[in-house]
Amino acid sequence: MEITLNNGFKMPIVGLGVWRMEKEGIRDLIINAIKIGYRHLDCAADYRNEAEVGEALTEAFKTGLVKREDLFITTKLWNSDHGHVIEACKDSLKKLQLDYLDLFLVHFPVATKHTGVGTTDSALGNDGVLDIDTTISLETTWHDMEKLVSMGLVRSIGISNYDVFLTRDCLAYSKIKPAVNQIETHPYFQRDSLVKFCQKHGICVTAHTPLGGATANAEWFGTVSCLDDPVLKDVAEKYKKTVAQVVLRWGIQRDTVVIPKTSKPTRLEENFQVFDFELSKEDMEVIKTMDRKYRTNQPAKFWGIDLYA
């Protein structure tokens, strides 16, 4: 299944996120994912594993496992490179060993102190707070993103972690509209207003952390995952599916793209087996009542400031 973006390009509705993937395991994970049927990979400069992803992709192309044009590859501009958009994109392309990106996103709507192209540091000031660069506007960053399209380096550009206000602004100043807004959304953090606003204005919503963070966010942020919720367990039992499959299916039926991450081969296959059933309207409504407005991915832990405040 695919979603057609506002520029006509098609984006697979299920992808594999590579955040916090161990470098030594990436090759096997990506090769296995492609064999299972994944055609969408979600990367980022800040994940610091683009080079390893690139090696796996090159192997997949050389062995004939898949063609470049059959894959949809996303990566993201880090905060410290807002004043160096073109250089940062070229750096990512070099690491990924690609000639073009299917999608390039502004990772967060904030420019921070530049620490060298591709280094993706989050420099803190003497007060322990993120060193935010107030001289670079998001509009300036976006117009540099637009240049990447005309240069042929990127097919689609988009935003990530933008709220309604910032998304509206981007629509106002953009010559090329954002194709995607990638945000955290799951049954405990549904963000219905933001999702509907984006979709109303032709922006596809991609759900990062679509399973509510699970073990990864519990370790880093001490958060609770919706996967342990008894209501979802009951729904899963009804369909003879896992809770994760039900949650991903819920995301798909909201017309959002889902990019779950896992390093476990069994989960990799399980997360892709979400096309052989459909949740009823009643069960979609049940899940709708579960919203807690509960964010599980909170970088304030590392940055000393809550950018969502």
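Below or above, wherever it landed, is the structure these notes cover. Quick caveat, the model's predicted, so the values are computed rather than measured.

What counts, and at which threshold
Residues numbered from 1 in each chain as written. Predicted model: local features only at pLDDT ≥ 70, side-chain atom pairs only at ≥ 80, totals over all residues. Heavy atoms only, no water. Helix = DSSP H or I, 4+ residues; strand = E, 2+ residues; numbered from the N terminus. Contact = heavy atoms within 4.5 Å. Axes fitted to C-alpha atoms, helices over the stretch in contact; angles between N-to-C directions. Left-handed = near helix turned anticlockwise from the far one by under 90°. Nonpolar A, V, L, I, M, F, W, Y, C, P; charged D, E, K, R; others polar. Buried < 20%, exposed > 50% of the residue type's maximum accessible area, 1.4 Å probe, protein only. Arc of directions from axis to C-beta. Polar contact = N/O pair within 3.5 Å; in protein donor to acceptor, adjacent residues only side chain to side chain. Salt bridge = Lys/Arg side-chain N within 4 Å of Asp/Glu carboxyl O. Pairing = 2+ DSSP bridges. Right-handed = clockwise from strand over helix to strand, strands pointing away. Parallel < 35°, antiparallel > 145°, perpendicular 65-115°, else oblique.

Moving on, we get to the side chain of threonine 120. Along the chain, threonine 120 falls in the loop between strand S6 (101-106) and helix H4 (138-150). Dropping the residues within four chain positions of it, threonine 120 is found in contact with Ala45, Asp46, Arg48, Trp78 and Ser80.

With that settled, the discussion passes to the packing of helix H1 (residues 23-36) against helix H10 (residues 265-272). Running from N to C, H1 and H10 point in directions that differ by 35°, and their axes come no closer than 10 Å. Pair H1 / H10 crosses with right-handed handedness. Along its contact with H1, which presents Leu29, Asn32, Ala33 and Ile36, the element H10 presents Leu268, Glu269 and Phe272. Here the contact of H1 with H10 is built from residues that sort into 5 nonpolar, 1 polar and 1 charged.

Relative to the assigned elements, valine 149 resides in helix H4. Taking the relative accessible area as the measure of exposure, valine 149 reaches 24% and is therefore partly exposed. Counting along the chain gives 45 residues from valine 149 to phenylalanine 104, while the straight-line C-alpha distance between them is 9.6 Å. With residues near it in sequence (within four places) discarded, valine 149 still touches Val154, Arg155, Ile157 and Ile176.

Turning our eyes to something else, we now look at helix H8 (residues 230-239). Those residues of H8 that sit buried are Leu232, Val235, Ala236 and Tyr239. Seen from one end, H8 has its buried residues packed into an arc of 100°, which puts them on one side. The outward face of H8, more than 90 degrees from its buried face, is lined by the exposed residues Pro230, Asp234, Glu237 and Lys238. Between a side-chain oxygen at the N-terminus of H8 and the backbone nitrogen of valine 231 the separation is 2.8 Å; the capping residue is aspartate 229. One or two positions beyond H8, positive phi appears at lysine 240, with a value near 60°.

The next thing to look at is the pattern of salt bridges. By the definition in use, this model includes 15 salt bridges. Salt-bridge contacts for lysine 196 lead to aspartate 192; the nearest nitrogen and oxygen are separated by 3.2 Å. With lysine 196 and aspartate 192 both in helix H6 (residues 192-200), this residue pair falls 4 residues apart, about one helical turn.

Turning our eyes to something else, we now look at the pairing of strand S8 (residues 180-184). Counting buried residues in S8 gives 5 out of 5 residues, a clear majority hidden from the surface. Neither face of S8 is open: one carries Val180, Gln182 and Glu184, the other Asn181 and Ile183, and all of them are buried. Of the strand pairs in this sheet, strand S7 (residues 154-160) and S8 are connected by 2 bridges, and their pairing is parallel. Of the residues in S8, the one forming a bridge with serine 160 is glutamine 182. Between S7 and its parallel partner S8, the chain crosses via helix H5 (residues 164-173), and the hand of that crossover is right-handed. As a crossover connection, the stretch from S8 through H6 into strand S9 (residues 204-208) is right-handed.

All right, on to the packing of H8 against helix H11 (residues 281-288) then. Relative orientation and spacing of two packed helices are given, respectively, by the angle between their axes and the distance between those axes. One can describe the packing of H8 onto H11 by two numbers: an axis separation of 10 Å at closest approach and a directional angle of 165°. Judged by the angle between their axes, H8 and H11 are roughly antiparallel. Of the two elements, H8 crosses H11, and the hand of that crossing is left-handed. Listed contacts from H11 to Val231, Leu232, Val235, Lys238 and Tyr239 of H8 are Asp283, Val286 and Ile287. Grouping the amino acids of the contact of H8 with H11 by side-chain chemistry returns 6 nonpolar, no polar and 2 charged.

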